[in-house]
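Chain and residue survey
Each chain, letter by letter, is given below.
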2 protein chains.
Amino acid sequence: MSYRPTAKTRARQKAQHESLLKTAVSIVARDGFCGLTISRLAREAGIATGTVYKYFDSKAHLCAEVFRRATEREVEIVRATSFPEDAVSCRQRLTDAVTIFAERAILGGRLAYALIAEPVDPAVEQERLIYRKAYADIFEQLIKEGIKTKEFPSQSPQVSAAALVGILAEVLVAPLGRNEGIKDHKQLISPIRQFCLRAIALYETA
Amino acid sequence: MSYRPTAKTRARQKAQHESLLKTAVSIVARDGFCGLTISRLAREAGIATGTVYKYFDSKAHLCAEVFRRATEREVEIVRATSFPEDAVSCRQRLTDAVTIFAERAILGGRLAYALIAEPVDPAVEQERLIYRKAYADIFEQLIKEGIKTKEFPSQSPQVSAAALVGILAEVLVAPLGRNEGIKDHKQLISPIRQFCLRAIALYETA
DNA sequence: TAAAGAAGTGAACCATGATTCACATCTATT
DNA sequence: AATAGATGTGAATCATGGTTCACTTCTTTA
């Protein structure tokens with residue numbers, strides 16, 4: 001008979017899926033998850049609402065993918081900072097990781113808020129737990145290494161790692177919840193960094 | 001003419017309001033905010049849905065009051081622990097405050113999760129920010145005092161206080177998000193306490 | 001006990017927004 | 001060109017759950 005999907009078709013499918021995802025992320029970056037509706041996504045993408053369902057099973061799946069996509073890059077950056085090519089002390093790596101996380105969250109604006117703290121439906125929240133877990137895992141590995149090298153005092157790597165995630169989320173979110181941007185980057189990042197270093201590395205700053 | 005609301009009437013009004021609030025809190029304690037609907041509240045209270053609106057302007061107002069109610073006691077306990085009658089060192093008070101917060105959160109179960117982390121609609125989230133701010137304010141005051149007495153090193157009390165709130169929320173929520181209860185209370189509380197003490201008081205534990 | 005107004009009722013209404021589906025249109029094979 | 005199947009359409013449907021309102025019932029005062 002005729003027409004079985006193949007190469008070119010698949011490519012177009014994938015491209016469209018990708019394009020929709022990109023549009024969705026940009027909507028979230030502007031108005032958060034609460035601004036992401038199927039009809040709006042369709043409108044901005046220039047297609048019909050029903051068409052969206054040819055690419056995503058449901059709103060929940062869409063949100064989950066958006067979350068994953070927007071998150072992957074960030075996690076990767078922190079991971080790369082925590083485990084660089086060249087040898088760097090654990091203390092320095094921890095400093096760098098915390099700094100870069102904070103900087104990116106602050107510059108990320110609305111998107112960062114959406115990813116870190118915006119109230120979302122349970123399906124996305126589930127994804128958020130995974131996201132936080134990814135950070136926690138990175139920190140946990142780094143802390144374990146630091147303990148082994150005696151740079152860090154004995155502690156529960158799991159608890160300390162989760163605590164780090166909590167610190168970063170809370171401190172960076174309090175401001176984001178209210179106004180828009182944050183002015184004094186350094187005014188904020190420096191104390192966070194010092195706090196984290198004292199907690200993990202018992203590092204006397206200043 | 002006749003019948004102007006007075007004493008007895010007001011008392012009944014207040015009592016009913018109170019009773020509804022109590023029922024609402026118990027629903028949240030069982031199934032979280034997502035389980036709290038007007039019709040369910042009405043059903044459990046044995047009244048009609050419309051009647052609920054004689055006592056609460058809207059769902060959002062109801063949620064806010066529920067949140068406030070469930071929260072007040074907890075905040076008060078931490079405040080009392082942070083600023084006791086008799087003289088206690090800042091370090092000890094910080095230890096006690098963190099411990100009691102963690103213990104109560106763990107024992108609080110579903111309600112604690114609802115108050116600390118459950119995804120809720122923006123109106124309630126607003127209330128949650130206030131709740132977190134209340135804790136942060138207590139910690140901030142305590143930290144300031146500790147800095148003044150030289151028990152704690154120089155640091156940004158504001159950032160450190162927010163960080164404490166973040167730590168407690170995150171570490172206690174990670175488990176709550178998944179399974180039900182937590183087994184090893186001490187297994188968890190002790191590392192948290194140590195982490196916080198290192199961060200705030202540069203206190204060498206163990 | 002009559003009247004005024006508060007309190008209670010619950011089915012109907014409304015708003016939001018996800019999801020479906022009968023149909024049209026496009027694309028690759030024969 | 002004919003056709004099978006994929007893709008696109010968007011108005012209609014569904015689901016949820018908050019909110020309203022015309023009405024009844026209760027309570028207090030005169």
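Above this note sits the structure.
Residues numbered from 1 in each chain as written. Chains lettered and ligands numbered in written order. Predicted model: local features only at pLDDT ≥ 70, side-chain atom pairs only at ≥ 80, totals over all residues. Heavy atoms only, no water.

Thoughts on the overall build of chain A
Regarding its fold elements, chain A presents nine helices and zero strands. Written out in order from the N terminus, the α and β elements of chain A read α-α-α-α-α-α-α-α-α. C-alpha extents for chain A along the principal axes are approximately 70 × 40 × 30 Å. Taking all 206 residues of chain A together, the buried fraction comes to 47%. Taking all contacts inside chain A whose residues are at least 6 apart in sequence as the whole, residues at least 24 apart take part in 65%. When the accessible surface of chain A is split by element, carbon and sulfur atoms take 52% of a total near 10600 Å². Charged side chains in chain A number 30 positive and 24 negative. The centres of these two groups are separated by 5 Å. (Helix = DSSP H or I, 4+ residues; strand = E, 2+ residues; numbered from the N terminus. Buried < 20%, exposed > 50% of the residue type's maximum accessible area, 1.4 Å probe, protein only. Contact = heavy atoms within 4.5 Å. Areas by Shrake-Rupley, 256 points an atom, 1.4 Å probe, with all protein chains shown as cover. Lys, Arg positive; Asp, Glu negative; His and termini not counted. Charge placed at Lys NZ, Arg CZ, Asp CG, Glu CD.)

Points about the pattern of salt bridges
Residues and elements named next belong to chain A. Within this structure, the stated rule accounts for 26 salt bridges over all chains. With a closest N to O distance of 2.8 Å, Glu-74 and Arg-104 form a salt bridge. Placement of the pair is Glu-74 in helix H4 (residues 59-82) and Arg-104 in helix H5 (residues 90-108), with a sequence separation of 30 residues. For Glu-74, a relative accessible area of 18% puts it in the buried group. Look at Arg-104 and you get partly exposed, because its relative accessible area is 31%. Put simply, Glu-118 and Arg-110 hold a salt bridge, and the shortest N to O gap is 3.5 Å. What you see here is one network of salt bridges that share partners, running through Arg-30, Asp-31, Arg-40 and Glu-44. (Salt bridge = Lys/Arg side-chain N within 4 Å of Asp/Glu carboxyl O.)

Examining helix H1 (residues 7-31) of chain B
All names here are of chain B. Relative to the 36 Å expected for 25 residues at 1.5 Å per residue, H1 spans 36 Å between its end C-alpha atoms, a close match to the ideal helical length. Among all positions in H1, only Leu-20, Leu-21, Thr-23, Ala-24, Val-25, Ile-27 and Val-28 are buried. Buried residues along H1 sit against helix H2 (38-45), helix H4 (59-82) and helix H6 (110-116). Gly-32, located one to two residues past H1, shows a positive phi value of around 75°. (Expected span 1.5 Å × (residues − 1).)

Looking at the interface of chain B and chain A
Each partner contributes to the interface: chain B provides 26 residues, whereas chain A provides 26 residues. Taken together, both faces of the contact between chain B and chain A bury some 2500 Å²; the carbon and sulfur share is 72%. If you sort the residues of chain B by the area they bury against chain A, Glu170(B), Phe195(B) and Arg198(B) come out on top, with a joint share of 25%. Inspection of the chain B/chain A interface yields two salt bridges. Here Arg132(A) ties to Glu170(B) by a salt bridge, and the two come within 2.3 Å at their closest N and O atoms. The interface formed by chain B and chain A contains six residue pairs in polar contact (both at pLDDT 80 or more). (Buried area = accessible area lost by both parts, 1.4 Å probe. Polar contact = N/O pair within 3.5 Å; in protein donor to acceptor, adjacent residues only side chain to side chain.)

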